Amino acid sequence: MDKILEAVVMSSYPNNVKQGLVRRVIEAAKQPMDSEQCWSMLELSTKLYLTGDTKYKREIGKEVLEVYGHYHPEEFEEFFNVRFLLSLLQEGYGPLGKRSHYVLDYIQLGLQFVLESPSANSIFSLLRIEVLRKVCERPSPKQCAKISKLLTQHPQCIPTGKHQLLFCQQLIRCIGQFQCVSEGEEEIMEFLEQVNKVSGLLQRIWRTQTSAILPSLKELFTIISSTEEQEAPSNALASVVQFVPLELMDGVIRNLTNDDSITDVQMMMAIGRMIDWVSWPLGKNIDKWIIALLKGLAAVKKFSILIEVTLSKIEKVFSKLLYPIVREGALSVLQYMLLSFQHSHEAFHLLLPHIPRLVASLKKEDSNSATSSLEQLAELIHCMFFRFSGFPDLYEPVLEAIKVSHALLSHFTAFHMEMASFFRHSVLNLSEGNSQPLMTKLQWLFAFLEHSQRPAISPESFLSASWPPWFTPGAQQDCSEYLKYLLDRLHEEEKTGKRIYQKLKESSLTSQAVEHHYLNKTLIEKMFGGKMMTKIRCLKCLNVSSREEAFTDLSLAFPPSDRNVCGRTSILPVEEIGPQFIEPPENAGQLMGSPWIPRKAPMASDHAAPSVSVETLGFQEQGEAANPIRGNDVGVDAAKDPLSTFREQACAPKDSRSVPDLINYFLSPERLTAENKYHCEKCASLQDAEKVAELTEGPHYLILTLLRFSFDPRTMKRKKILDNVSIPVVLKLPILVASEETEEICRHRKDGAVPGSGFMTVVYDLCSVVVHSGISSESGHYYCYSRECTDTVPHGQPRDGVPKTASDKQLDFEIQWYLFNDTRVSFSSFESVSNVTSFFPKDTAYVLFYRQRPDQQSCLLHEALAEAGRLHGEPSLHKDLMEAISKDNILFLQEQEKEARNRAAYISALPKSPLWWRDLDRDKDDDSSSGGCSPAAGGGGSGSFHGLVF
């Protein structure tokens, strides 16, 4: 029968004729026959399957084998013996030079018919050894896939014990040598399928034997970190990592980054080759492993590795965004590499030439993946523009390319303008050769504070340049005195040098008079300058002389202890408001306090002109919640006299004072008598007089200095006033305006100016509080509470024209505060600011900074400035400054890396106790915190690398 079958197969008959004859032979094979005939048929079918030169012949051989294995099991088991299989595996089948490639397929086919036979265990033992030997011979991807298919279908053949671990390691080495020899789509898909079969076998083994995972990964790292290989290992190794459980990631990365036996060159080679894995299609979690290793290297401060790898690989990662199949992982890695490379613009600038082409390709693709990636890429690029400003010539083509969403661009512009104050923006925009050496040093200080990766910046250079000559080095100095000197120096320096901000474009919203007035000011005048009118009235001839002078801060003295502030009233008394507003008395004459000051008389049809009061927000008794402010709430008992009610509310408790108390005292009339008599020009002699101060122009930033240090004539020593002073978070200040301006202001301001009074209300938000800790001016310590003031539109006047009530606005109490204390920065709150003296009696507020909240009138100028800021973008730092920052950042990274190496060397030199190390390792493993190496690492504390570059 075997001769008949062979003759039919080898004949030249058509295949349909052959198929009919073969079918008869196969049907006959289902009948009982002698052992010799069975062997002959099995030998022929084996020959056809293994050496058949056509698919048809192999199919016939397969069909005959299956029939004999099913209907003649004893003869098949005798034929399919261990010796025969060993010969097939070791010597192959067929003539030399043309050995069959289907031996593994043949064995897989025959195994299904001997699984229950007595020889099965012997066959399994043989295959366990032979598949390990085969893998060690580094077979091709196709043969490796056949081995994996065989072992996946018959797991009894997988090596066990130590051989299993060796098998996994050798299988990984095989994958490391896989190469796709063709660029055709079908061949590539076949190659990917083969790799997935091999890595899938590893996954199957790891599921049953988790102890094999870590040794396998160690072998993988050995391969990718090798510096001896002439050819880079295959990116197919990425398929191995995707099957490693993510819960092992933290421990694996920690062990790798803390292994002293791994050199920097090896680590650099390994991370570089891992980054190349982003090109492996359909891989899962590959980006997570790459990012985790980058974070792990940053945690041990190996910044030189990270810098070199980022610069060498970032362009390759960026190029993978063109391919949808690998885009998601590549974008994740790119985002981390760029956002962590904060010390220099070099990495980002490498991508600039490639961005327009990629954006054009993504727009053309018009898929959900492309649209999402385009939005994320635009966001990332805008972050980089903000971080590395100062290169408009390089960024303009990119900006043109990424005009994906005007809303997105507007969002980032608003964010940038919100984060950058005009003062900082102006200082950073200072050009080279400006003849302002002190302002230049301030520019460098601001730039380093913003762009340096150091946790803290020492202002030593700036301080030495701005040090007042009468200050004694090494002794405690008055910060208020230094601030006044500094502002005066900067002001005078700018007056004699170039203007810092000369290119504000003329806005249609700003009148030429206002613009001319504003641009003629120095930067210090624009930001901190106000004006005050001092009037002196002779009590004999009633002649009034006045003089207007500029100021950069208001020095608020404490009233003598024997004088009651509440009993004295300023021209415009201060109202202290707790949870509600207090309406000022209707009769302005009751509060004038000094009737000689001329006022514009109200018209017959007008109501009595109320006085404008300084209102404050932020005072509350301990344990009393602050309610939202409601402008229409009146906290005055109608049965009481308005003035007495006002004074009850306006006065702080007897054992404490408030900032409005001190402003009231500052603005209240002062009697000039006895030794302080006034020389009246009209009387031509010394006369009793009354002096009063009125604010005529409010500064953008209002600085209030509480004069806590005084000279005690009894002890002949300077002392500190430790009185607690309540600080309002919102302050409304009365500003005197010229009579001809009152009507115009009233048209623009619905509630800010009082008709007929000549005063307008300017609202200030508390931004910062400098605290002095100590009992005298000769000793102590300064620290500061601060928050970010971001109001850009008038309070209650949103841009859409719909009035916004105070209850709709976030309460000022809820805004985040920070505590700046030497090199430490921590979160704080307004409650801490308010209670600092209550908890620490020696710690008292000394200098207060308020920022003016723009109203509709002044908002014209603010909008013009904001528009100019949008046009010019972020400040463009000149080249020397950018290079200095980059060099210092690299120096800092090198310092950190050296410190980490020295620490590691010191620890490694300590005597090692097995018990001590075992306990330490157990503590680390038991620690549930994610630390700095996990994908979701939070960071924090001085050891957190998130505060540094990476």
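This one's a predicted model, so the numbers in the text were calculated from it and none came from an experiment. (Residues numbered from 1 in each chain as written. Predicted model: local features only at pLDDT ≥ 70, side-chain atom pairs only at ≥ 80, totals over all residues. Heavy atoms only, no water.)

Looking only at helices and strands, one finds 37 helices and 20 strands in the protein chain. Counting across all 950 residues of the protein chain, residues that qualify as buried make up 48%. Partitioning the intrachain contacts of the protein chain with sequence separation of at least 6 by distance along the chain shows that 74% fall at a separation of at least 24. Accessible surface for the protein chain amounts to roughly 48100 Å². Of this, 53% is attributable to carbon and sulfur atoms. (Helix = DSSP H or I, 4+ residues; strand = E, 2+ residues; numbered from the N terminus. Buried < 20%, exposed > 50% of the residue type's maximum accessible area, 1.4 Å probe, protein only. Contact = heavy atoms within 4.5 Å. Areas by Shrake-Rupley, 256 points an atom, 1.4 Å probe, with all protein chains shown as cover.)

Bringing the pattern of salt bridges into the picture now. For the structure shown, the criterion picks out 20 salt bridges. Notably, a salt bridge pairs Arg-254 with Asp-250, separated by 3.1 Å at the nearest N-O pair. Here Arg-254 pairs with Asp-250, and both are found in helix H14 (residues 249-257), just 4 residues apart, close to one helical turn. Here Asp-276 and Lys-313 are joined by a salt bridge, their closest N and O atoms 3.0 Å apart. Remark: Lys-313 occurs in helix H17 (residues 303-319) and Asp-276 occurs in helix H15 (residues 264-276); sequence separation between them is 37 residues. With a relative accessible area of 12%, Asp-276 lands in the buried category. (Salt bridge = Lys/Arg side-chain N within 4 Å of Asp/Glu carboxyl O.)

Another aspect to go through is the confidence of the model for the protein chain. For the protein chain, the mean per-residue pLDDT works out to 76, and 74% of the residues sit at or above 70. Predicted confidence is poor over residues 513-518, with pLDDT under 50, and the contacts of this stretch with residues over four places away or in other chains come to 11 contacts. Scored below 50 in pLDDT, residues 791-810 shows 31 contacts in the model against residues more than four places distant or in partner chains. (pLDDT = per-residue confidence, 0-100.)

Mapped onto the elements, Lys-531 comes out in strand E1 (residues 530-538). Relative accessible area serves as the criterion here: at 29%, Lys-531 is assigned to the partly exposed category. Measuring from C-alpha to C-alpha, the distance between Lys-531 and Leu-695 comes to 6.2 Å, with 164 residues separating the pair along the chain. Those residues in contact with Lys-531 that sit more than four places away from it in its chain are Glu-548, Glu-549, Ala-550, Phe-551, Leu-695, Thr-696 and Glu-697.

Strand order in this open sheet of 4 strands is E2-E1-E10-E7, and the pairing throughout is antiparallel. At either margin of the open sheet sits one strand with a lone partner, and together these are strand E2 (544-551) and strand E7 (670-672). Averaged over all adjacent pairs, the angle separating strand axes in this sheet is 30 degrees, with direction ignored. By the bridge criterion, 3 bridges tie E7 to strand E10 (residues 689-697) in an arrangement that is antiparallel. Residue pairing in the sheet places Arg-671 in a bridge with Glu-690 of E10. (Pairing = 2+ DSSP bridges. Axes fitted to C-alpha atoms, helices over the stretch in contact; angles between N-to-C directions.)

This brings us to the packing of aromatic side chains. The relative placement of two aromatic rings is captured by the distance of their centres and the angle of their planes. Counting across every chain of the model gives 21 aromatic pairs. Measuring from centroid to centroid gives 5.1 Å for Phe-79 and Phe-84, while their planes differ by 45 degrees, and the two rings are tilted. The buried category is assigned to Phe-79, whose relative accessible area is 5%. Ring centres of Phe-348 and Tyr-395 lie 5.8 Å apart, and the angle between their planes is 55 degrees; this geometry places the pair in the tilted category. Linking Phe-348 in helix H19 (residues 346-351) with Tyr-395 in helix H22 (residues 392-401), this pair joins segments that are 47 residues apart in sequence. Neither residue differs from the other here; Phe-348 and Tyr-395 are each classed as buried. (Phe/Tyr/Trp six-rings, centres within 6.5 Å; stacked < 30°, edge-to-face > 60°.)

With that out of the way, let us pick up the packing of helix H1 (residues 2-10) against helix H4 (residues 55-71). Orientation of H1 relative to H4, taken along the N-to-C sense of each, is 155 degrees, at an axis distance of 11 Å. Put simply, H1 runs roughly antiparallel to H4. Considering only the axes of H1 and H4, their crossing is right-handed. Seen from H1, the contacting residues are Leu-5, Val-9 and Met-10; seen from H4, they are Lys-57, Ile-60 and Val-64. Looking at the contact of H1 with H4 residue by residue, the class counts come to 5 nonpolar, no polar and 1 charged. (Parallel < 35°, antiparallel > 145°, perpendicular 65-115°, else oblique. Left-handed = near helix turned anticlockwise from the far one by under 90°. Nonpolar A, V, L, I, M, F, W, Y, C, P; charged D, E, K, R; others polar.)

What follows is about the side chain of Ser-234. The residue Ser-234 is located in the loop between helix H12 (213-225) and helix H13 (238-241) in this model. Within the structure, Ser-234 has its side chain in polar contact with the backbone nitrogen of Ala-236 (distance 3.0 Å). The residues touching Ser-234, leaving out its near neighbours within four places in the chain, are Ile-175, Gly-176, Gln-177, Phe-178, Gln-179 and Trp-277. (Polar contact = N/O pair within 3.5 Å; in protein donor to acceptor, adjacent residues only side chain to side chain.)

A few words now on a negative patch on the surface. Side chains of Glu-185, Glu-186, Glu-187, Glu-190 and Glu-193 sit close together on the surface and give a patch of like negative charge. Along the polypeptide, Glu-185 turns up in helix H11 (residues 185-208). (Patch = residues over 30% accessible without salt bridge, like charges linked within 9 Å, V, L, I, M, F, W, Y side chains within 5 Å. Lys, Arg positive; Asp, Glu negative; His and termini not counted. Charge placed at Lys NZ, Arg CZ, Asp CG, Glu CD.)

Turning next to the state of the cysteines. Within this structure, the stated rule accounts for 0 disulfides. Take Cys-683: it sits in no disulfide, and the sulfur closest to it among the cysteines is that of Cys-541, at 3.6 Å. (Disulfide = S-S within 2.5 Å.)

Here we come to the nonpolar core. Inside soluble globular proteins, nonpolar side chains tend to come together where they are buried. Core analysis: the largest hydrophobic core is formed by 174 residues, its most contacted members being Leu-111 and Leu-334. Among residues more than four places away in sequence, those in contact with Leu-111 are Phe-80, Ile-123, Phe-124, Leu-127, Leu-150, His-154 and Cys-157. Grouped together as the second largest cluster of nonpolar side chains are 40 residues, Leu-662, Val-763, Val-771 and Val-836 included. (Core = buried A, V, L, I, M, F, W, Y, C linked by side-chain atoms within 4.5 Å.)

What follows deals with a nonpolar patch on the surface. A contiguous nonpolar surface patch, about 340 Å² in accessible area, is contributed by Leu-282, Tyr-323 and Ile-325. Assignment of secondary structure puts Tyr-323 in the loop between H17 and helix H18 (324-340). Tyr-323 gets classed as partly exposed once you look at its relative accessible area, which sits at 45%.

Glancing now at the pairing of strand E20 (residues 843-852). Burial analysis of E20 places 10 of its 10 residues in the buried class, which makes it a mostly covered element. Here 5 bridges tie strand E11 (residues 701-706) to E20, and the two strands are oriented antiparallel to one another. For Leu-702, the partnering residue across the bridge sits in E20 and is Tyr-850. Of the pairings in the sheet, the one linking strand E16 (residues 759-773) to E20 comprises 9 bridges and is antiparallel in character.

One can find Lys-535 in strand E1. Within the local environment of Lys-535, its side chain forms a polar contact with the side chain of Glu-694, the two groups lying 3.3 Å apart.

Summarising the element assignment, Leu-338 is placed in helix H18. Remark: the alpha-carbon pair of Leu-338 and Phe-348, spanning 10 residues in sequence, is separated by 6.6 Å. Discounting chain neighbours no more than four positions away, the residues touching Leu-338 are Ile-314, Ala-347, Phe-348, Leu-351, Leu-380 and Met-384.

This next bit is on helix H7 (residues 103-111). Summarising burial for H7: 9 of the 9 residues are buried, a large majority. Taken together, the buried positions of H7 are Val-103, Leu-104, Asp-105, Tyr-106, Ile-107, Gln-108, Leu-109, Gly-110 and Leu-111. Where H7 is buried, its residues touch helix H3 (35-51), H4, helix H5 (73-79), helix H6 (82-91), helix H8 (120-136) and helix H9 (141-153).

Time to look at the pairing of strand E13 (residues 717-720). Sheet analysis places strand E12 (residues 709-712) next to E13, joined by 4 bridges and oriented antiparallel. Across the sheet, the residue bridging to Asp-712 is Lys-717, located in E13. Between the end of E12 and the start of E13, which pair antiparallel, lie 4 residues, with Met-716 showing a positive phi angle near 60 degrees.

Here we come to the packing of H6 against H8. It is the contact of H6 with H8, at a shortest axis distance of 10 Å, that shows an interaxial angle of 10 degrees. When the interaxial angle is binned, H6 and H8 end up roughly parallel. Residues Val-82, Leu-85, Leu-86, Leu-89 and Gln-90 of H6 form the contact with H8, whose own contacting residues are Ser-122, Ile-123, Leu-126, Leu-127, Glu-130, Arg-133 and Lys-134. Across the contact of H6 with H8, the residue classes tally to 7 nonpolar, 2 polar and 3 charged.

Turning our attention to unusual backbone geometry. Most peptide bonds take the trans configuration, and most residues that are not glycine carry a negative phi. One non-glycine residue, Asn-285, adopts positive backbone phi at about 65 degrees. Within the secondary structure, Asn-285 sits in the loop between H15 and helix H16 (286-299). Its identity is not glycine, yet Ala-684 carries a phi of approximately 60 degrees, on the positive side. Positionally, Ala-684 belongs in the loop between strand E8 (678-680) and strand E9 (685-687). On the basis of relative accessibility, which here comes to 56%, the residue Ala-684 falls in the exposed class.

For an α-helix the count is 3.6 residues per turn, leaving residues at separations of three or four pointing the same way. Spanning 17 residues, H18 covers 25 Å between terminal C-alpha atoms, matching the ideal 24 Å at 1.5 Å per step. Maximum bend of H18: about 30 degrees, positioned at Ala-330. (Expected span 1.5 Å × (residues − 1). Bend = angle between axes of the 7 residues up to and from the residue.)

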